[in-house]
Amino acid sequence: MEVYTREGDDGATGLLYGGRVRKASPAPTAPDAVGAAQAVLGLARAEAERGAELDQLLIRLERDLWVLMAELATDATKRDRLTPGTSLVTADMVAGLEPVIDDLTARFDQPTEFVVPGQNRVSALLDLARTVVRRAERHTLDAAAEGSHVVPYLNRLSDLLWTMARWQEDAHLLTRDAGTGG
């Protein structure tokens, strides 16, 4: 199988279950933005200990993002072909992030000031992932079909990534006023 097809040389790309659109349209732009978020999660996972809780959580999130990309890459008229949880984001997927946020939040004291990112490599990558997820969320606004759970998922995911970054900083949390005498 060849990697190149030449089919996109005209500036168009194919959608899942058929149809072609311009590459600059929301249909391919949104899944690409989610793919960028997934790649940054992969960077964070590359720094995690294999098999550890963080590694397993990041794998789960990366797999969820495949579901988002599949849904976003499907023409709205063909959504009936999507499978909930496999190629269609569900309300349960969104709700499933909340107990994780609650569990992790209970493990550290909440910062009372703005956080300065970069206490360690993993937390910095999780903060980067959060910003890329926020960008992906903005790109999906015009691409997600009516009734889609993609935008709520990304919104909740950015909250989770913020929480995960603070969890990974733990006692090393640096806030705006830390070290400035004030």
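Residues numbered from 1 in each chain as written. Predicted model: local features only at pLDDT ≥ 70, side-chain atom pairs only at ≥ 80, totals over all residues. Heavy atoms only, no water.

Enquirer: Please clarify how the nonpolar core should be interpreted in this entry.
Expert: As a rule of thumb, soluble globular proteins bury nonpolar side chains together. Among the nonpolar cores identified, the biggest contains 41 residues, and Leu-61, Tyr-153, Leu-157 and Met-164 are the most heavily contacted of them. When residues of this core are traced back to their parent elements, those giving at least two are α1 (26-47), α2 (53-72), α3 (91-95), α4 (97-105), α5 (121-140) and α6 (150-169). Setting aside chain neighbours within four positions, we find Leu-61 in contact with Leu-41, Leu-97, Tyr-153, Leu-157, Leu-160 and Met-164. (Core = buried A, V, L, I, M, F, W, Y, C linked by side-chain atoms within 4.5 Å. Buried < 20%, exposed > 50% of the residue type's maximum accessible area, 1.4 Å probe, protein only. Helix = DSSP H or I, 4+ residues; strand = E, 2+ residues; numbered from the N terminus. Contact = heavy atoms within 4.5 Å.)

Enquirer: I'm lost on the confidence of the model for the protein in this one. Help?
Expert: Note that predicted coordinates carrying low pLDDT should not be read in detail. On average, residues of the protein carry a pLDDT of 89, and 92% of them reach 70 or more. When pLDDT is averaged over each helix and strand of the protein, the minimum, 73, is found for strand β2 (residues 20-22) and the maximum, 98, for α3. The model gives residues 175-182 a pLDDT under 50, and that stretch makes 10 contacts with residues more than four places away or in other chains. (pLDDT = per-residue confidence, 0-100.)

Enquirer: Help me understand α1, please; the structure alone is not making it clear to me.
Expert: Two residues of an α-helix separated by three or four positions point the same way, owing to the 3.6 residues in each turn. With 22 residues, α1 should cover 32 Å at 1.5 Å per step; its first-to-last C-alpha distance of 32 Å lies within 8% of that length. Burial in α1 covers these residues: Ala-27, Pro-28, Ala-30, Pro-31, Ala-33, Val-34, Ala-37, Gln-38, Val-40, Leu-41 and Ala-44. (Expected span 1.5 Å × (residues − 1).)

Enquirer: Please clarify how the environment of Leu-161 should be interpreted in this entry.
Expert: Structurally, Leu-161 can be placed in helix α6. Separated by 38 residues in the primary sequence, Leu-161 and Ser-123 have C-alpha atoms spaced 9.1 Å apart. Once you skip the residues sitting within four places of it in the chain, Leu-161 turns out to touch Leu-41, Leu-126, Ala-129, Arg-130 and Val-133.

Enquirer: Is there a simple way to think about the pattern of salt bridges in this case?
Expert: Opposite charge on two side chains makes pairing possible when the charged atoms of those side chains draw close. Per the stated rule, a full pass over the model turns up 13 salt bridges. Taking the shortest distance from any N to any O, the salt bridge between Arg-107 and Glu-53 comes out at 2.8 Å. Taken as a pair, Arg-107 in the loop between α4 and α5 and Glu-53 in helix α2 lie far apart in primary sequence, 54 residues in all. One salt bridge connects Arg-134 with Asp-159, and the closest N-O pair in it is separated by 3.7 Å. Linking Arg-134 in helix α5 with Asp-159 in helix α6, this pair joins segments that are 25 residues apart in sequence. Using a relative accessible area of 28% as the deciding quantity, one classes Arg-134 as partly exposed. (Salt bridge = Lys/Arg side-chain N within 4 Å of Asp/Glu carboxyl O.)

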